[in-house]
Amino acid sequence: MSSPRYVLALDQGTTSTRAIVFDHDGRIVASDQLEHEQVLPRPGWVEHDPMEIWRTTRTVLGGALTAADTNASQVAALGITNQRETTVVWDRHTGQPVYNAIVWQDTRTRADVEELAGEPGEDGEPMGDGRFRDVCGLPLTTYFAGPKLRWILHHVEGAAERAAAGDLLFGTTDSWVIWNLTGGPRGGVHVTDVTNASRTMLMDLRTLQWDPGVCEDLDIPMSMLPAIRSSSEVYGVVDSDSILAGVPVAGALGDQHAATLGQACFTPGMAKNTYGTGNFLLLNTGSEPVTSHHGLLTTLCWKLGEDDPVYALEGSIAVTGSLVQWLRDNIGLIGTADEVEELAATVEDNGGAYFVPAFSGLFAPHWRSDARGALVGLTRYVNKGHIARAVLEATGFQTREVVDAMRADARELDLQVSELRADGGMTVNETLMQFQSDVLGLPVLVPEVSETTALGAAYAAGLAIGFWQDTAELAAHWRESRRWEPQMTAEVREREVRRWSKAVERTLDWVEDE
C-alpha cells in the first residue's frame, strides 16, 4: 500500500467551517466550506450553535475528501485550527451543550470584568487587571474565554452544580471538535493546545499549565478544563463511525497562531497580519514571553512537540472584514462584499471621512469597551464612494495603530519589523493592500497559498507524524505571490494618521454605566 499523500486541515472559523486537503508541497488540492448561523440575541451578544458547528464539520470533511477524489487511507493526519476564545460548555455523558457557544466578539461579560478588575491601584490601573496579566499575559476584557465560562456557570440554571459534580466539560471550539471527532461520549479525547489555552486567561504563560488561583478567582472547577498539550502531537484518532476513521488528529492551534506558522514566521522579528472578520497581527518574539508596554497581548506562537515554546506579541482588532459585511447587510450600500472596492475606486480619497468601527469597543492597543462606532468628518461633499473608501481605510488605520505598538515593543527587544506578511480574505482587495503599505510605510507581502490558517494546522499535524521533517522544510514552501510598496509621502501619511487619531477620540466614553 502506498504512503499517504495528503494532510487534511479543518478550519473552524467565526462565520464558517472549512476543510482543505494539502499535498506535500503545501499546496491546496481541494476544499469544502459551509457557513453557520450568527445568533445575535441582544446588542453586544454573539453566539453560535455548537451542534451546528459539529454538523458542518462532518459535512465539510467528507466534502473535501470527495472534491480531492481521495479517501482516509491517503490522509496522513488531520490538523485543527479554530476561532479562539469562543466558549463551549457541554455534558460529558450526553455530548449536549448546556448553552450556545459564546463567541469571542461577545461583550456581555463587561460587568463581570469590571468586578474582577476591582479598584484602581497607585498607578491608576485596576489592581485585578495587573494580577491576571502577570499570570496569563492578558488584560481583563470581555474578549477572553475565562469570563465567558464564568458567565455560563453563573447564568445557566444548574450549570455551576453540574460542573462542580464533574459532569460538564469546557473548551474552545478546537476542544469541542476534537472531543467529538475522537468518540464524544464514548471516550472522546478532551484536550486543547497551548495557543488556545493561552487565550482563556486561565493558563500560566510560563508553566503552560492551568493556574489554580485564577480558576478559583473566576469560580471555575478545574475538572472542566481540557488537558493542555503541544500544538503538534498525536492527540488521538478519528472515531470509527467517521469517513476519516483511524486518521490521527495530530495538530491544533488557534487560528492566528496557525496563520503565523503557515506564513513561516519562524524568526524573531517576523510579523504577519490576517485580514478576516477581524484583524490579528502576531510578532514572533522568540523563546521567552515578553510583556508589552504599548497595549499588545503576550501570547504563544506555538509549541511544536518537544521543542521549546515560541512566544509572540499580538494586536487584535475586532472589526475589519465584518465592517464590509455590515455595509452590505445592515446598510445595503453594496450588494456583495466585492463591490466595496469598486465603489471606493470611484473617488480619489476619503473626502475627509473617517470610519472607526468600534462596534464591540476597541481592542488593541486601546482596550476600551466603552467605545462605539463613529463616522466622522462628514460634509455635503462626502458621497457613498467616500464612505466605501473610509470603510476600507479603517482596516489600514487600525493596523497602523497596532504596528506602531509592535514597533515600539520590538525596539525594546532589538527586533526590527521590516515587512508585513498578509493573509486572509481581504488581501484580494488591491485598494486596501496599497493603502495598507502606504499608511505603514512598509512592504506588504502576500504568499501564493492564501489559506495560511489551514496550512499552519496542516503543518503542525504533518510535523507530528513525520510527513514534514522540520520548520526549515516548511519555510522553503513559502512563496511570494504579490507585494505592495509604499507610494504615499511621509507628510501625507502622518497627516492621515493624525486625523484618524482624532476620530478614534470621538468614539471613547460612549457607553455609560447603567
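Residues numbered from 1 in each chain as written. Predicted model: local features only at pLDDT ≥ 70, side-chain atom pairs only at ≥ 80, totals over all residues. Heavy atoms only, no water.

### Considering the pairing of strand β14 (residues 248–254)
Just so we agree on the cut-off: Exposed residues in this analysis have more than 50% of their type's maximum accessible area, buried residues have under 20%, and partly exposed residues fall in between, with area computed by a 1.4 Å probe over protein chains only. By the criteria applied, helices consist of DSSP H or I runs no shorter than four residues and strands consist of E runs no shorter than two, each listed in order from the N terminus. Note: two strands are recorded as paired if DSSP finds a minimum of 2 bridges between them.
Counting buried residues in β14 gives seven out of seven residues, a clear majority hidden from the surface. Pairing between strand β5 (residues 75–82) and β14: five bridges, direction parallel. Of the residues in β14, the one forming a bridge with Gly-79 is Gly-251. Where strand β13 (residues 232–237) lies against β14, three bridges are found, and the strand directions are antiparallel. Directly across from Val-237, in β14, lies its bridge partner Pro-248.

### Description of the UniProt feature "binding site: glycerol" (unreviewed entry) in the chain
The line we're drawing: UniProt positions are given in the numbering used here, feature names are shortened, and annotations may be inferred rather than shown by experiment. By the convention used here, residues are in contact when the closest approach between their heavy atoms is within 4.5 Å. For this analysis, a polar contact is any N or O atom pair within 3.5 Å, provided that within protein one partner can donate a hydrogen and the other can accept it, and provided that sequence-adjacent residues contribute only side-chain to side-chain pairs.
In the numbering used here, UniProt assigns the "binding site: glycerol" (unreviewed entry) feature to Arg-84, Glu-85, Tyr-143, Asp-255 and Gln-256. With respect to the helices and strands, Arg-84 occurs in the loop between β5 and β6 (87–91). For Arg-84, a relative accessible area of 2% translates into the label buried. Those residues in contact with Arg-84 that sit more than four places away from it in its chain are Trp-104, Tyr-143, Asn-196, Arg-199, Gly-254, Asp-255, Gln-256, His-257, Phe-280, Glu-314 and Ser-316. A polar atom in the side chain of Arg-84 sits 3.4 Å from the side chain of Tyr-143. Mapped onto the elements, Glu-85 comes out in the loop between β5 and β6.

### Structural notes on unusual backbone geometry
Omega for the peptide link from Ala-364 to Pro-365 comes to -5 degrees, which places this bond in the cis form. Looking at the secondary structure, you find Pro-365 in the loop between β19 (354–356) and β20 (374–376). Unlike most non-glycine residues, Met-201 shows phi in positive territory, near 75 degrees. Within the secondary structure layout, Met-201 lies in the loop between α7 (194–197) and β10 (203–204).

### Describing the side chain of Thr-285
Tracing the backbone through its elements, the reader meets Thr-285 in strand β16 (residues 279–286). Judged by its relative accessible area of 11%, Thr-285 is buried. In this structure Thr-285 touches Pro-268, Val-290, Tyr-311, Ala-312, Leu-313, Leu-413 and Leu-415, once residues within four positions along its chain are discounted.

### With respect to helix α10 (residues 321–331)
Burial in α10 covers these residues: Gly-321, Ser-322, Leu-323, Val-324 and Leu-327. Looking at the packing, one finds that the buried side of α10 touches α11 (339–344), β19 and α12 (384–412). After α10 finishes, the residue Gly-332 shows a positive phi value of roughly 75 degrees.

### Remarks on the packing of aromatic side chains
Quick reminder of the rule: Each Phe, Tyr or Trp ring (for Trp, its six-membered ring) is paired with any other whose centre lies within 6.5 Å, and the angle between the two planes then decides the class: stacked below 30 degrees, edge-to-face above 60, tilted in between.
Under the definition given, this model contains 20 aromatic pairs. Seen from their ring centres, Phe-266 and Trp-302 are 5.8 Å apart, and the 70 degrees between their planes marks the pair as edge-to-face. Remark: Trp-302 occurs in strand β17 (residues 297–302) and Phe-266 occurs in the loop between α9 (255–262) and β15 (271–275); sequence separation between them is 36 residues. Overall, the relative accessible area of 4% leaves Trp-302 in the buried class.

### Remarks on the environment of Asp-241
Structurally, Asp-241 is set in the loop between β13 and β14. Residues Asp-241 and Gly-183, 58 residues apart in the sequence, show an inter-C-alpha distance of 8.6 Å.

### Describing the sheet that holds β17
Applicable threshold: Lines fitted to the C-alpha atoms define the axes, with helices restricted to the stretch that makes contact. Angles between their N-to-C directions range from 0 to 180 degrees.
Strand order in the open sheet formed by seven strands is β17-β18-β16-β15-β21-β22-β23, and the pairing between neighbours is mixed. At either margin of the open sheet sits one strand with a lone partner, and together these are β17 and β23 (480–484). Put simply, the sheet's adjacent strands are angled 30 degrees from each other on average, direction ignored. Across two bridges, the pairing between strand β21 (residues 420–423) and strand β22 (residues 444–447) is parallel. Looking across to β22, one finds that Arg-421 is bridged to Leu-445. α9 rests against β15, β16, β17, β18 (310–317) and β21 of the sheet, and its axis sits at about 55 degrees to β17. Along the sheet, helix α13 (residues 430–440) makes contact with β15, β21, β22 and β23, crossing β23 at roughly 60 degrees.

### Here's the deal with the side chain of Thr-70
Tracing the backbone through its elements, the reader meets Thr-70 in the loop between α1 (50–67) and β5. A relative accessible area of 16% places Thr-70 in the buried class. Contacts of Thr-70, omitting those with residues within four sequence positions, involve Tyr-6 and Leu-65.

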